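In case you want the letters, here they are:
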Amino acid sequence: MIERTYRGHIGIGSRVTGVALVAKDDFSARYDLDRLRGGFSPEAHKLRGQGYVGGVLGLDNAKGGVATAWMLYEMKARAMAPAALLLNAANPIMAQGAALADLPFMDRFEADITDLLRTGDKVTVDPPAGLVIVHGA
């Protein structure tokens, strides 16, 4: 089995494996996710209507503000959160929200994460090691 490994900044949370859901869209937990139904909700979002629960999200940049922290925490507490969040660039509020929710999170990859991953890839996210491994690629 061929694997690809990508490096990012050492992240938050534990190692997790899941299926990637990827788009070249910016990300706000508060405004992009329907936390009750578990899907992307804005009409303009490339992942509109797709379920995110248990998936490894690969998106461009963090957007939004303080609502991110409680949103991620609330989704994790209700088992309606993604398995992990991978962003090209995050802000301190996104990192704080991931830490509060104990949600595996990484950013600042060696290349654009939305180019490195494809929706449907099986990936392992290892935040303490700063690695994302794509299985069977």
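Whatever comes next refers back to the structure up there.
This structure is a prediction, so every number in the text was calculated from the model and none was measured.

Undergrad: Sorry if this is basic, but what is going on with the overall build of the protein here?
TA: In terms of helices and strands, the protein carries 4 helices and 9 strands. Reading the secondary structure of the protein in the N-to-C direction produces β-β-α-β-β-β-α-β-α-β-α-β-β. By the compact-globule yardstick of 14 Å for 137 residues, the protein fits well, its C-alpha radius of gyration being 13 Å. Over its C-alpha atoms, taken along the principal directions, the protein stretches across nearly 40 × 25 × 25 Å. Within the protein, buried positions represent 49% of all 137 residues. Of the contacts made within the protein by residues no fewer than 6 positions apart, 69% connect residues no fewer than 24 positions apart. For the protein, the computed accessible surface area is about 6400 Å², with 53% contributed by carbon and sulfur atoms. Between the centroid of the 15 positive side chains of the protein and the centroid of its 15 negative side chains there is a distance of 4 Å.

Undergrad: Is there a simple way to think about the environment of Met-71 in this case?
TA: For Met-71, the location among the structural elements is in helix H2 (residues 67–77). By relative accessible area, which is 1% here, Met-71 ends up buried. Among residues more than four places away in sequence, those in contact with Met-71 are Ala-29, Arg-30, Leu-33 and Arg-35.

Undergrad: Help me out: how do you make sense of the sheet that holds strand E6 (residues 84–89) in this one?
TA: Two pairing modes exist for strands in a sheet, parallel and antiparallel, and in both the strands are linked by backbone hydrogen bonds. Judged by pairing direction, the sheet is mixed, and its 7 strands sit side by side in the order E1-E9-E8-E2-E5-E6-E7 without closing on themselves. Two strands lie at the open edges of the sheet, namely strand E1 (4–7) and strand E7 (105–106), each paired on one side alone. Pairing of E6 with E7, which is carried by 2 bridges, proceeds in the parallel orientation. Bridging from a neighbouring strand, Leu-85 pairs with Phe-105 of E7.

Undergrad: Explain H2 to me, please; I cannot follow it from the model alone.
TA: Along an α-helix, residues three or four positions apart point the same way, because every turn accommodates 3.6 residues. Looking at H2, one finds that the buried residues are Ala-67, Thr-68, Ala-69, Met-71, Leu-72 and Met-75. Following H2 by one or two positions, Ala-79 adopts a phi angle in the positive range, close to 55°.

About the cut-offs
Residues numbered from 1 in each chain as written. Predicted model: local features only at pLDDT ≥ 70, side-chain atom pairs only at ≥ 80, totals over all residues. Heavy atoms only, no water. Helix = DSSP H or I, 4+ residues; strand = E, 2+ residues; numbered from the N terminus. Rg over C-alpha atoms; globule rule 2.2 N^0.38 Å. Buried < 20%, exposed > 50% of the residue type's maximum accessible area, 1.4 Å probe, protein only. Contact = heavy atoms within 4.5 Å. Areas by Shrake-Rupley, 256 points an atom, 1.4 Å probe, with all protein chains shown as cover. Lys, Arg positive; Asp, Glu negative; His and termini not counted. Charge placed at Lys NZ, Arg CZ, Asp CG, Glu CD. Pairing = 2+ DSSP bridges.

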